[in-house]
Amino acid sequence: MRQRVLVLYLATSALDAQVVGWSSYDGTGRTDPTAGDGETPPYESGVAALRDGWRLFQASQLLPPAPGHEYDTSFLKHEFFFEKLEP
């Protein structure tokens, strides 16, 4: 078995929120995805990925911004990691 990993960055911490960014990695070697290789996200939400058989195995911690930094630009904080195991 080989692992495929899908990282979805969502608009909010809710799993049914809109996907705003994504990355994928293919341990099977069948594909070689790269950053920016598509303009359309692979799924509309994290729930859509679950319905397609991806297993959620990590979500980012919800950490409030420090006072006075509520509107700072930074990393995408609503990050969800999914996996599929394939032969």
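These figures come from a predicted structure and were not determined experimentally.

## Considering the sheet that holds strand E1 (residues 2-10)
Next, step 1: Ordered by their spatial adjacency, 4 strands build an open sheet running E2-E1-E4-E3, and the pairing between neighbours is antiparallel. Two strands bound the open sheet, and with one partner strand each, they are strand E2 (19-26) and strand E3 (55-59). Recorded for the sheet is a direction-independent mean angle of 25° between the axes of neighbouring strands.
Next, step 2: Direction of pairing for E1 relative to E2: antiparallel, over a ladder of 7 bridges. Following the sheet pairing, Leu10 is matched in E2 by Val19.

## Digging into the packing of aromatic side chains
Next, step 1: Tallied over the entire structure, the rule returns 1 aromatic pair.
Next, step 2: For the ring pair Phe57 and Phe81, a centre distance of 6.1 Å and an interplane angle of 50° mean the geometry is tilted. Of the two residues, Phe57 sits in strand E3 while Phe81 sits in strand E4 (residues 79-86), which places them 24 residues apart along the sequence.

## Some points on the environment of Leu63
Next, step 1: As for its position among the elements, Leu63 is in the loop between E3 and E4.
Next, step 2: Through-space distance from the C-alpha of Leu63 to that of Thr12 is 13 Å; in sequence the pair is 51 residues apart.

## Some thoughts on the pattern of salt bridges
Next, step 1: Per the counting criterion, the structure on display carries 4 salt bridges.
Next, step 2: Arg30 is paired through a salt bridge with Glu86; the nearest N and O atoms lie 2.9 Å apart. Pair noted here: Arg30 is in the loop between E2 and helix H1 (46-51) and Glu86 is in strand E4, with a separation of 56 residues, a long-range link.
Next, step 3: It is possible to trace a salt-bridge network through shared partners that takes in Arg4, Arg30 and Glu86.

## A word on the environment of His78
Next, step 1: Residue placement: His78 occurs in the loop between E3 and E4.
Next, step 2: The spatial distance from the C-alpha of His78 to the C-alpha of Leu6 is 14 Å, given a sequence separation of 72 residues.
Next, step 3: When neighbours within four sequence positions are excluded, His78 is seen to be in contact with Leu8, Tyr9, Leu10, Ala11, Thr12, Ser13 and Leu62.

## Some remarks on the confidence of the model for the chain
Next, step 1: A residue-level look at the chain finds 98% of positions with pLDDT of 70 or above and a mean pLDDT of 90.
Next, step 2: Here E3 stands out as the element of the chain with the lowest mean pLDDT, 91, in contrast to H1, whose mean of 98 is the highest.

## A look at the pairing of E1
Next, step 1: As paired strands, E1 and E4 are joined by 8 bridges and run antiparallel to one another. From the neighbouring strand, Leu6 faces E4, where its bridge partner is Phe82.

Basis of the calculations
- Residues numbered from 1 in each chain as written.
- Predicted model: local features only at pLDDT ≥ 70, side-chain atom pairs only at ≥ 80, totals over all residues.
- Heavy atoms only, no water.
- Pairing = 2+ DSSP bridges.
- Helix = DSSP H or I, 4+ residues; strand = E, 2+ residues; numbered from the N terminus.
- Axes fitted to C-alpha atoms, helices over the stretch in contact; angles between N-to-C directions.
- Phe/Tyr/Trp six-rings, centres within 6.5 Å; stacked < 30°, edge-to-face > 60°.
- Salt bridge = Lys/Arg side-chain N within 4 Å of Asp/Glu carboxyl O.
- Contact = heavy atoms within 4.5 Å.
- pLDDT = per-residue confidence, 0-100.

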